[in-house]
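Chain residues, written in single-letter form:
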Number of protein chains: 2
Amino acid sequence: MSDDHKAKMQERQATQRAKVAELQDPEKGLVLVHTGAGKGKSSSAFGVIVRALGWKQKVGVVQFIKGKWKTGERQFFDRLGEVTWHTMGEGFTWDTQDKDRDIAAAQAAFAKGREMMESGDYDLIVMDEINIAMRYEYISVEDVIAGLDARDKRTGVILTGRDAKPALCEYADLVTEMTEVKHPFKSGIKAQRGVDF
Amino acid sequence: MSDDHKAKMQERQATQRAKVAELQDPEKGLVLVHTGAGKGKSSSAFGVIVRALGWKQKVGVVQFIKGKWKTGERQFFDRLGEVTWHTMGEGFTWDTQDKDRDIAAAQAAFAKGREMMESGDYDLIVMDEINIAMRYEYISVEDVIAGLDARDKRTGVILTGRDAKPALCEYADLVTEMTEVKHPFKSGIKAQRGVDF
């Protein structure tokens, strides 16, 4: 083995060890991506919020899609009053009738998320359905990664939504894919209060 | 096509239509299984609890593993005081030093779950990590299916834990598999408060 190769291997090993040590730091907030076509991407993020609140951690949420909808999670956390909650502007359409307004709303929502990530005030921030906003290119994956990188490192972030960008998955500490196992009657099941929203 | 075959096909179609109609009934509680080796099986069940509480539904939980542990979810829901919460007996070991006691504890926990399912008092019941209890054959999948079948039909049930039995998945209305997308540093990450428990 050449000295050159040996030096390169040692350097790589040192980098890997540093990365592992960083991840083992219990104070470091992880970047988690929940993606896939199955159920559970958002609901497991809400479940993690419950755990974090159980440990008296500070939690913030930015929702990128469900601005107008009345959802169970929003009603619950509104009533609880312990989570900082932002939804994209009421004017958000997602029907591309006014794409410029949608882009502005998505970018404003992410600016809010970025401010929260940099503040150092939060143990956990959930950016719900942000992957959809990236998929439609209303916000760029580069901006999202730059925002994650500039965050206070104790802040954990969960990014949900199907079709997560590969570059984001590459950057994340953990990526979980939710898959619907095929079921003959799946298509017959309507969305239900409680289970689905 | 023979008349015999035609009659059989018509019967099958009628059965399928009845099943679809039943699933479309918004009052019918679904049986959901969360399985797979990835994160999010229990946390998405807790997220669904949050949604259900947001809609003022009644929720019960039976936890089959984490009896002794201090978890974020339990601290949160204890403090909230809105969820009926049962954990398996404190004596539960899972280390097979006293297998008979473990079996008795698992069966007592399921008896509680069964009573709750039959009572008609709940919109949603979560049987957390029950799949593990079936995997170790501390309770039988036949008993669990019989219990689900005897439930008040408006009660939805979520059964979590890896290695869900095929017969249970067959019985369930929906099965979601959580898969950890491979990540080079995954093994370096320790379980964290808030995210993992």
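Residues numbered from 1 in each chain as written. Chains lettered and ligands numbered in written order. Predicted model: local features only at pLDDT ≥ 70, side-chain atom pairs only at ≥ 80, totals over all residues. Heavy atoms only, no water.

### Some words on the pairing of strand E6 (residues 174-181) of chain A
For step 1, the next point in the chain: Examined bridge by bridge, strand E1 (residues 31-35) of chain A and E6(A) share four bridges and lie parallel to one another. Bridge pairing links A:His34 to A:Thr176 in E6(A).
For step 2, the next point in the chain: In this structure, E6(A) lies alongside strand E6 (residues 174-181) of chain B, joined through seven bridges in antiparallel fashion. Looking at E6(B), one finds that A:Glu177 is bridged to B:Thr179. (Pairing = 2+ DSSP bridges. Helix = DSSP H or I, 4+ residues; strand = E, 2+ residues; numbered from the N terminus.)

### Observations concerning the packing of helix H2 (residues 41-54) of chain A against helix H3 (residues 72-80) of chain A
All names here are of chain A.
For step 1, the next point in the chain: Contact pair H2 / H3: the axes reach a minimum separation of 12 Å and the direction vectors enclose 15°. Here H2 lies roughly parallel to H3, going by the angle between them. When you trace H2 past H3, the crossing you get is left-handed. Residues Phe46, Ile49 and Leu53 of H2 form the contact with H3, whose own contacting residues are Glu73, Phe77 and Leu80.
For step 2, the next point in the chain: Per-class residue counts for the contact of H2 with H3 are five nonpolar, no polar and one charged. (Axes fitted to C-alpha atoms, helices over the stretch in contact; angles between N-to-C directions. Parallel < 35°, antiparallel > 145°, perpendicular 65-115°, else oblique. Left-handed = near helix turned anticlockwise from the far one by under 90°. Contact = heavy atoms within 4.5 Å. Nonpolar A, V, L, I, M, F, W, Y, C, P; charged D, E, K, R; others polar.)

### Concerning H2(A)
Residue and element names in this part refer to chain A.
For step 1, the next point in the chain: In this model H2 runs 20 Å from its N-terminal to its C-terminal C-alpha over 14 residues, within 8% of the 20 Å that 1.5 Å per residue would give.
For step 2, the next point in the chain: Judged by how many residues are buried, H2 sits mostly within the fold: 14 of 14 residues are covered.
For step 3, the next point in the chain: Phi turns positive one or two residues past the end of H2, at Lys56, with a value near 65°. (Expected span 1.5 Å × (residues − 1). Buried < 20%, exposed > 50% of the residue type's maximum accessible area, 1.4 Å probe, protein only.)

### A word on the environment of A:Thr84
Residue and element names in this part refer to chain A.
For step 1, the next point in the chain: With respect to the helices and strands, Thr84 occurs in strand E3 (residues 84-87).
For step 2, the next point in the chain: Put simply, Thr84 and Gly60 are 24 residues apart on the chain and 4.6 Å apart in space, counted from C-alpha to C-alpha.
For step 3, the next point in the chain: In contact with Thr84, other than residues within four places in its own chain, are Val59, Gly60, Val61, Met116 and Tyr122.

### Considerations on the pattern of salt bridges
A side chain of one charge can pair with a side chain of the opposite charge when the charged atoms of the two come close.
All names here are of chain A.
For step 1, the next point in the chain: A complete count under the given rule lists 18 salt bridges over all chains for this structure.
For step 2, the next point in the chain: Asp163 is the salt-bridge partner of Arg135, the closest N and O atoms lying 3.2 Å from each other. Note that Arg135 is positioned in helix H5 (residues 130-135) and Asp163 in the loop between strand E5 (156-160) and helix H7 (166-171), a separation of 28 residues in sequence.
For step 3, the next point in the chain: Note on Arg135: relative accessible area 39%, which makes it partly exposed.
For step 4, the next point in the chain: The residue Glu137 makes a salt bridge to Lys165 at a minimum N-O spacing of 3.8 Å. Of this pair, Glu137 sits in the loop between H5 and helix H6 (141-149) while Lys165 sits in the loop between E5 and H7, placing them 28 residues apart in sequence.
For step 5, the next point in the chain: For Lys165, a relative accessible area of 22% puts it in the partly exposed group. (Salt bridge = Lys/Arg side-chain N within 4 Å of Asp/Glu carboxyl O.)

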